[in-house]
Each structure stands twice: as C-alpha cells, then as structure tokens.
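Results of the structural survey
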Amino acid sequence: MLNYIWFGMIAASVICAAATGRLEALSTAIMNGAQQAVELSFFLLGSMCAWMGFLRIAEKSGLTELLASAFSPVIDRLFPEYRKEQEIKGKICMNLSANFLGLGNAATPLGLSAMKAMAEKNSGDSPTKGMILFVVINTASIQLLPINMAAIRSSCGSMEPFGILPEIWLTSAVSLLVCVLFCKLAERGPLWNR
Amino acid sequence: MPAIIGAILVFGFLKGIEVFDTFLTGAREGIETSFHILPTLIGLILAVNMVRESGLLDMLCSLVAPAAQMIGISPEIAPLALLRPVSGSGSSAYTLSLLKAFGPDSETGKIASVLSSSTETTFYAVAVYFGACHYKKLYYTIPAALLGDVAAVVLSILTVKWLG
C-alpha cells in the first residue's frame, strides 16, 4: 500500500511541476526533504534514547507489568492475541499512556519498541491484527490535555485557550472509536481474508 | 513529565535495579531504533516536500475547496484536512496562519484548533511504525486510519457548530 501511495505522490508531483514549470523548485525540495529527515532524526535522537532508557528501567523493575495488569481489562479486549504476553502488553500500555499524557516525544520510541516486540513474536510475513490495531490507534489522537494547542491559541490572543476542550475530547473520542470499530469489523470480515 | 520519570527511577531504585546500567542499555537501543527509521523518514519527508513544492497541494486544495463549501465547510478548512494526515509541521504552520488570520476564538479558528489537536500525522505514524518491520501488505491499516481522519474532520466542524 505504501508503495503505491509513495509512488503516486512522487509521480503526481513530477507531472504537476513539469506542467507548471516548477522543476527547479522540485529538485531543491527533494534534497531539502532528505536533509530535513536527517535533521529531524538527529533532533529526536536524544529524547528517543532517554525514553528507551527509562522504559528499560520501568520494564526491569516490573512497573510496566503493573501498568499492564491495571489496564488489562481494556488491553485484553483490544488485543486478545496478546492476552498472555505481559511484555508486549506492558509496552503497549506505556505507549498509550504517553499518548494520553501528551508526551509525543516519548510515545514514538515506546510504540516502536512495542511494534518490535510484536514483530518478534510474529512468525508470518504479514502483520498481526494486534499490530494493525496498535498502529491505527496511534494514528488517532488520545491526548487528554492538548497543551501545545492551548499555548498556540493563547499566543494568538485567545480569551479561552482551553475553551475548545469538550469539542476536542468529543472529536478525538469518536474518531478513535470509528478507527477501532472499523479494525474490529475488518478483522473478521471476508474482505480481508487472511 | 519529571514526576513520571521520577516515579520510574524511584520504583526501579527501590526494587534494587542497577538504574544507570539499565538506562544505558535502553538508550543504546534508542540509537539503533533511530537509525532504523531514518530511511523511512527520508522517503516520507522527501515525498511530502515534493507534493508541496510542485504546487500539487495547492492544486488539490483549490479543487477540493468548492466541493467543501457546498457542504458547509469553510474553504480554509479543506487544505488543513488534506495536510493534517500527511505533514505535522506543515499543518501546524497552516493552523497558526488560520488562527492569526481569523482569530483563535472565531468559528474557523476553533475548527482548525479542534481538528489539528484531535488527529495525528497518520502517514507518518504508519510509515514509521511499519517501516521498522518489513511487511509487504498492511491490509486495512490505511483505510481504517483515514476513516478516523474523515470522522475527525466531520466532528470538528459539527462539535464547534453545536457546542461553540
């Protein structure tokens, strides 16, 4: 899927740039993009390492397992295939908690570590239902307090930077629900026979 | 955040874990992971940049805007809905410009705020998470994620109109 999307984006851009005479700008965009990616990963390297370090401490001390068993009613229902996998459940919990608390920089390394653990358990050459659901949940937002947005709003002179909280909660809750329901339906649907 | 890190450290220390050594092992793993996802990031950011700089994004927006207006979406929101799943930094910049132009407490400003904080950068998440493991087929991942984004667009408009 990503193959088609990536190819489509690039092919359509080249055609569009050729038609509007922007090929020069396009070649700059390509090299700038590659450079930005390296800068971004370098920029995130520190927090990535720090969070992976703290995760390792939390795992070794049994803290993530505690977290996993506290949330296991929810986690077991969402990821039934990992019911018995304490390590994976712990990593999933850490990622979801980081998302919920708005620690975006922590959520990615924790999520990658959960994906890696799920991939190691998976012998097949296609992703498990749990992996798909986990990624889909990570494409939706489950943030409790959108602090960044509130800061941006107040810097623009908003009278009530947090005034839109009910709207944000309702919107993100319903869109998360739509994602999860779609995944749960697709998991058993004949359309995705697997 | 300091409270969370503090709790992790104190708990580990009380359990008798060699906290510093354990931290180092984890951090070393972080370096590997960073390098592992770098190719994915390069591929993705490069493609997003191309879509933006080639004028394709502007063209798509001008195509979508009239249709959006027909169903009551202000033409300024449509580009944000297109940009949000693809580029985090691009959509933040665009949201900021909307908040400045219309005011953060206007209807457009509120919809933009709600939309950008109740969704994530979908393609980034899919590419980075699945980029770390090599699967050919992603099955319903992208349809499910995009359906969530569509739901967020619809709901951000409805909630602001009803509650705002």
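Residues numbered from 1 in each chain as written. Chains lettered and ligands numbered in written order. Predicted model: local features only at pLDDT ≥ 70, side-chain atom pairs only at ≥ 80, totals over all residues.

On a plain count of helices and strands, chain A comes out with nine helices and zero strands. The N-to-C order of helical and strand elements in chain A reads α-α-α-α-α-α-α-α-α. Taking the principal axes of its C-alpha atoms as reference, chain A extends roughly 60 × 50 × 35 Å. Considering chain A as a whole, with its 194 residues, one finds that 42% of them fall into the buried category. (Helix = DSSP H or I, 4+ residues; strand = E, 2+ residues; numbered from the N terminus. Buried ≥ 20, exposed ≤ 12 C-beta atoms within 10 Å, placed from the backbone.)

Secondary structure summary: chain B contains eight helices and zero strands in total. For chain B, the sequential pattern of α-helices and β-strands runs α-α-α-α-α-α-α-α. Here the C-alpha radius of gyration of chain B, 20 Å, is well above what a compact globule of 164 residues would show, namely 15 Å. When the backbone C-alpha atoms are referred to their principal axes, chain B occupies close to 65 × 40 × 30 Å. Considering chain B as a whole, with its 164 residues, one finds that 49% of them fall into the buried category. Taking contacts inside chain B between residues at least 6 apart in sequence as the whole, the part at least 24 apart equals 59%. (Rg over C-alpha atoms; globule rule 2.2 N^0.38 Å. Contact = placed C-beta atoms within 7 Å.)

Let's shift gears to the nonpolar core. V135, V136 and C179 of chain A together with V126 of chain B are the most contacted members of the largest nonpolar core, which has 99 residues in total. With residues up to four places along the chain from it excluded, the contact list for C179 of chain A reads V136, I137 and A140 of chain A together with A144, A145, L147 and G148 of chain B. (Core = buried A, V, L, I, M, F, W, Y, C linked by C-beta atoms within 7 Å.)

Our focus in this paragraph is the interface of chain B and chain A. Listed as interface residues are 76 residues of chain B and, on the opposing side, 83 residues of chain A. Counting residues per element, the ones that place at least two in the side of chain B that touches chain A are helix 1 (2–14), helix 2 (19–53), helix 3 (56–70), helix 5 (88–102), helix 6 (107–117), helix 7 (122–131) and helix 8 (141–163) of chain B. When residues of the side of chain B that touches chain A are assigned to their parent elements, the largest contribution, 23 residues, is made by helix 2 of chain B. Looking at side-chain class alone, the side of chain B that touches chain A contains 46 nonpolar, 22 polar and eight charged residues. (Nonpolar A, V, L, I, M, F, W, Y, C, P; charged D, E, K, R; others polar.)

The next subject is unusual backbone geometry. Located in the positive-phi region is Y139 of chain B, a residue other than glycine, with phi close to 50°. Of the residues examined, Y139 of chain B has 21 C-beta atoms within 10 Å and is grouped as buried.

Here we take up the UniProt feature "domain: Nucleoside transporter/FeoB GTPase Gate" (unreviewed entry) in chain A. Residues given the UniProt feature "domain: Nucleoside transporter/FeoB GTPase Gate" (unreviewed entry) here are residues 44–151 of chain A. Taken as a whole, residues 44–151 of chain A contains 75% helix and 0% strand, while its terminal C-alpha atoms sit 22 Å from one another. (UniProt positions renumbered as here; feature names shortened; annotations may be inferred.)

In this section: the packing of helix 9 (residues 165–188) of chain A against helix 8 of chain B. Two elements in contact, helix 9 of chain A and helix 8 of chain B, have axes separated by 8 Å at closest approach and are oriented at 150°. Regarding the angle of helix 9 of chain A to helix 8 of chain B, the classification is roughly antiparallel. For the pair helix 9 of chain A and helix 8 of chain B, the sense of crossing is right-handed. In this structure, helix 9 of chain A uses P166, E167, L170, T171, V174, S175, L176, V178, C179, F182, C183 and A186 of chain A to contact helix 8 of chain B, whose residues at the interface are A144, A145, L147, G148, A151, A152, L155, S156, T159, V160 and L163 of chain B. Residue composition of the contact of helix 9 of chain A with helix 8 of chain B, grouped by class: 17 nonpolar, five polar and one charged. (Axes fitted to C-alpha atoms, helices over the stretch in contact; angles between N-to-C directions. Parallel < 35°, antiparallel > 145°, perpendicular 65-115°, else oblique. Left-handed = near helix turned anticlockwise from the far one by under 90°.)

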